[in-house]
Every structure is written in C-alpha cells, then in structure tokens.
Amino acid sequence: MATAPASPSSDQGIPHRAASTDLTIALLHKSSSVTLATLPADVLGLIFKLLYDEWLVDIHPKFRTQPRFDHERCQGQFLLGISSTCRALRAQTMPWIYREVYNWESARGKAWPESLWPYFRIVHIRDRTAHNPRKLEISQETIDSLSMMFSLVKVTLRLESSIHLDLIRALSLAPSLLHLEIYQARFDGSFTSCALPFCALENLLVSIAGFRSISSQEDVDHSKQFSNVDSLLRAVAPRLTELSISGDLIPSTFPTLDWRNIRRLAITEHPPNPYIAIPGLVANMGNLRQLDVLYTVDISRGTYGKGAFPLFHLGDDSGQLLSSRCRLLSSVTLGNVSATDSIFTQLPAMLSCLRLRAPVDVYDTSKAFPRKAYSPFDDHTLPTALRQMSHLQDLRELCLDLDFFVTAPLIEQIATVLPDLEVLEFSVPRYMFIDDPPRFREQDRDPGILAALNRFSHLLHLRITMNFPRDSDFYHSQEVTARWFLSSHKTLQSVSFAMLDYMYLAGYNPAWWRKWNHDVFDMTWPTPPPTPPPRKAVRIIETIRSL
C-alpha cells in the first residue's frame, strides 16, 4: 500500500545538505524493503527536521547572526533536489516544499499555479523584502487566488502601503484560514461597507511594528484608520479566541464590541489614544484567560539611562478587581508599569501567573547593544509593588525583569509576600556583567540566596536570564551552578539558564534555554560528569535501524 504524503507540522523544517542526504540514502538502500519513498510520514519528518537543524548550524550561518531574515525563510525549498530524483519522492515531498510560500516566488507577480494551491498552508505577502529594497507588485490575480486556497490556515501581511479592501475581502473568504497576522499595519485606505465572513478565523494579530521601528507613518489618516479597524474588528470579534493589537490601532469603540470567545488579549507598542485603561479594555471579555499589556519604550530615540522613559499607568481609580469582568483570568503580563500603579491592586485574587517585563523597540537597529529598557523595578521600588500583591495568594508563577542582579534580600521579600510560588524567573538582560560579574560563579556564590530560596516550600522551577559573552566563566559552568541549586533545595525540580550574548543576538528574547532536571543528577557525585554533544548523524542512523 502506498504511503500517504507527509504532512509537516508547524515547527518542522526541511534542509538541503548533500553530504547528510547522501549518507541517509545510502543507508536506506541497504534494505530492499525500506526507502525514503516508503518511510512513514512521521519518520520522514524526523529526518527532514534533523537535516534542517544541521543546515542552520553549519551551512547557513548568516541566519544565526541576522535573525531578521527569519521573517523571509521558507524551509521547504531545500527539498527541491531530493524531489527531482523520482516521482515517488516528489509526491512525498510536495507537501513539505510548498507548505509555506512567499508572494515573490510566483512568476513576475502573477498567482501561483493552481495545481500547487492544495499544498499551501502558510502564505506570506510582502511589497518589500528585508533582502531586497525593490518594490514588489501584488497582482489582483494573486489576491483573488487566496479565497480559493482550501488548505490555507495562516497568512501574514507586511505592506508599506495601506491595506486594500480587496485583499481583506479575499482573505475573509478563505474557508480554512485560522491565523491572520498583519504587520506594518496601515488601515487608512478605502473601506466600503461589505461582508467579511472570516468563517474559520480564530487568531488575529495587527501591529504597526515593522522592519524599521514601531512607529506609524507620519501621513496616516488616523480618523479613517480607526473607522476601518472598527469595521474589521466588528466582523471578527465574536469568533476570535486570541487577539494581539497595537494600542495605536484601538478605536474608542473597542470595549463595546462582542468579545464573547476571546481567551487571550495582547496590547502592544503604545497605549490607545484616546487612552483606555486596562479595566475598560477588558470590560466585555468574560472568557478572558490571558492578558498581556506590553507597552513599549523606545530607548533608541532618547537618552539610554535610568529615568529617561516615562512609565505607563495601566489601572484606573475605580479600585474594582479585573475578576469582576474577567472571572477566568489566570495569567497577566505587564510591561513598563510603575510600582505604584493601581493595576496591582486590581489584579484578580485567583491569578496564577504574573510577568513584569520591560519591552522596547526590538525592530530598531540603530544601537549595537541589546535594546532592553531599564526595568522599573529596583531594590527600592520592588517592595512597593510586592505590598500591593499581598492578595495574590493563589499566584504560582512570577517572572521579573530586574535592573540589578538577584540578591538574597530580594528573594526573601518575594517569599514573605508570595510563599507558595512554584515557578520563579528572573531576567537581568542588560550587559552589566563585564563590570559586575554574576554571583553564581563558584567564587561568588552567596549562601544567603539558597537560604532565601528555601523559604519557598513549593518551588519547583527556577529560571534565570543573563547577558554576557559566551567566553565568560559562568557560561562554561552552568551545569555546576544548576547542581548547586538542585542539591540545596528540598523541592526544586529544574533549573534553567538563558544566555543573552550581546555579541550574538540583536534583540531581547533569550537565544536559547538550557535546562537541568533534578532526576538526571546523582547528588553523590562531586561534580557532574561532562555531557557529550549530540550527533545528528548517529540519531538518523538509529532511527532508520529501528524501523
């Protein structure tokens, strides 16, 4: 029986590396019954993913140092060579090759061949690329074809011009479209009244952020833009489960819309204008579970230093708890909020997760150092915020961006107010460790930190993000430090470190997490044994031999 074509998941990639591919094919030919064309879809997917990971590390290093190109990389194109070897492999690889496509890959601005449409799952539409500043034409033929792509589940738009109604209407007719992401959003074009079905849409992201900054273009007609955004939101609000939107785009009618199914709301970039406090924004969201308010400071356009950026006021003066409107709210993330903000007293008592972040404009490239704002919390202001959280006795996860390194007194203050935490995360992202080395190195370890951590009687996971070069002492001693924590705490199950190498990552998100679990250590060993690096080729061979 013929094997069905492989259907890749969202995180699977397909690289093209000749040496590894030749090795795999040679091994498969040793068996008369197993070939690449007859492998089960899940095994074939595993091989493709391992090869793709190897390609990222060894073949194409520019994607490691220029993460903005992640916006414009199709993983499936690396299977074109394999697909040309035989018809059976071509049938197997087609869903991978054409799973994700960009509009500039069609010929001379025309639509893609109709025979390929059944394979399209993700389509990216751009009128300019990060690789090439040349203006791209988006033909009417391309726009009209979107409504007839029955397998299409996600579309991203990144346009410098105003979004045309024809494009929105075509997307609203795509029968399987679940995710729509619009970046560099500009809605001051002509929007005549028309039906926008969007029968399957669940997740919508609308952001003014683009490759250059988080600023709107100066000539935007804001009155027309608010009216058009209101029309779009009215059409999709009743069926949305997730919405992420720039505060710059929120119309004054936002609180009155029908948000009956919304589960996650993220407000990004800047506060609404005219201003709407958080309790007002969620007033009609009875099923809301997760709220992220990530108002962003722009450190590249001002003086880089503490006190250079005004903090945002998120709460209101009503004193009414958010739970009176959102009874199911369990997770809240707040960005650049003052320690005295009334929003802390308005957080629902049943809240289980709270994250206090300091986001900035990560798209701006005018600064060489990581663009992370100074946290509004220091050893003077954090106790003020903690006192307003004393009613959060169901809180189980706390994540803090700090402007100073973790100390025993800080941990003790948190444990006094929130003793039942199970997850504790600290992020100290600014590159302050050249002059102020981390206290987790062997010669700097503070026993007081361990004593303070043991005041959490239910702590399970400790996560710490720090920023310093890869050649620092601590980078090479993380495993020993993780063991130091795990062997000294009675309930701790895992320790994770995220490294922000300022010479490597041009943003503020962790480059990677390294995690150690309690059950992998024999605590009687004087030092953890070295862990050999994984060998992808060995894993490929073992997978094939197990068939």
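Residues numbered from 1 in each chain as written. Predicted model: local features only at pLDDT ≥ 70, side-chain atom pairs only at ≥ 80, totals over all residues. Heavy atoms only, no water.

Points about the pairing of strand β14 (residues 494-499)
Cut-off, in case you're wondering: Whether a residue is buried, partly exposed or exposed follows from its accessible area with a 1.4 Å probe, protein chains only, as a fraction of its type maximum: under 20%, in between, or over 50%, in that order. The helix and strand labels rest on DSSP assignments: H or I over at least four residues marks a helix, E over at least two residues marks a strand, and numbering proceeds from the N terminus. At least two DSSP bridges between two strands are required for those strands to pair.
The element β14 is extensively covered by neighbouring structure, given that 6 of its 6 residues are classed as buried. Here β14 shows two buried faces, one formed by Ser494, Ser496 and Ala498 and the other by Val495, Phe497 and Met499. When strand β13 (residues 461-466) meets β14, the two strands line up parallel, connected through 6 bridges. Across the sheet, Ile464 pairs through a bridge with Phe497, a residue of β14. Pairing geometry for β14 and strand β15 (residues 513-517), over 5 bridges, is antiparallel. Note that in β15 the partner of Val495 across the bridge is Trp516.

Here's the deal with the pairing of strand β7 (residues 264-269)
The element β7 is extensively covered by neighbouring structure, given that 5 of its 6 residues are classed as buried. Here 5 bridges tie strand β6 (residues 242-246) to β7, and the two strands are oriented parallel to one another. Bridge pairing in β7 links Leu243 to Leu265. One ladder, built from 6 bridges, connects β7 with strand β8 (residues 290-295); its direction is parallel. Paired with Ile267 across the two strands is Val293, which belongs to β8.

A closer look at the pattern of salt bridges
Which entries qualify depends on this criterion: The term salt bridge refers to a side-chain nitrogen of Lys or Arg lying within 4 Å of a carboxyl oxygen of Asp or Glu.
Here the structure, examined in full by the defined rule, presents 16 salt bridges. Between Arg128 and Glu160 there is a salt bridge whose closest N-O contact spans 3.0 Å. Taken as a pair, Arg128 in the loop between β2 (122-126) and α6 (140-146) and Glu160 in the loop between β3 (154-158) and α7 (165-172) lie far apart in primary sequence, 32 residues in all. Looking at Arg128, the relative accessible area reads 21%, which means it is partly exposed. With a shortest N-O distance of 3.0 Å, Arg357 and Asp401 are connected by a salt bridge. Remark: Asp401 occurs in strand β11 (residues 397-401) and Arg357 occurs in strand β10 (residues 353-357); sequence separation between them is 44 residues. The class of Arg357 is buried, set by a relative accessible area of 18%. On the accessibility criterion, Asp401 (2% relative accessible area) is buried. Three or more residues are tied together by salt bridges with common partners; here these are Arg355, Arg357, Glu397, Asp401, Glu425 and Arg463.

A look at unusual backbone geometry
In this model, Asn273 is joined to Pro274 through a cis peptide bond whose omega is 5 degrees. Relative to the elements of secondary structure, Pro274 occurs in the loop between β7 and α9 (278-281). Of note in the backbone geometry, Gln184 takes a positive phi value of approximately 55 degrees without being a glycine. Of note, Gln184 is situated in the loop between β4 (179-183) and β5 (203-206). Of note in the backbone geometry, Glu269 takes a positive phi value of approximately 65 degrees without being a glycine. The topology assignment puts Glu269 in strand β7. Glu269 gets classed as buried once you look at its relative accessible area, which sits at 8%.

Comments concerning the confidence of the model for the protein chain
We count it as follows: Confidence per residue, as judged by the predictor, is encoded in pLDDT with a range of 0 to 100. Any two residues whose heavy atoms approach within 4.5 Å at even a single point are treated as in contact.
Looking at the protein chain, pLDDT values average 77 and 68% of them are 70 or higher. pLDDT under 50 marks residues 502-510. Its contacts with residues more than four places away, or in other chains, come to 27 contacts. This stretch, residues 524-541, has a pLDDT under 50; its non-local contacts, to residues over four places away or in other chains, come to 19 contacts.

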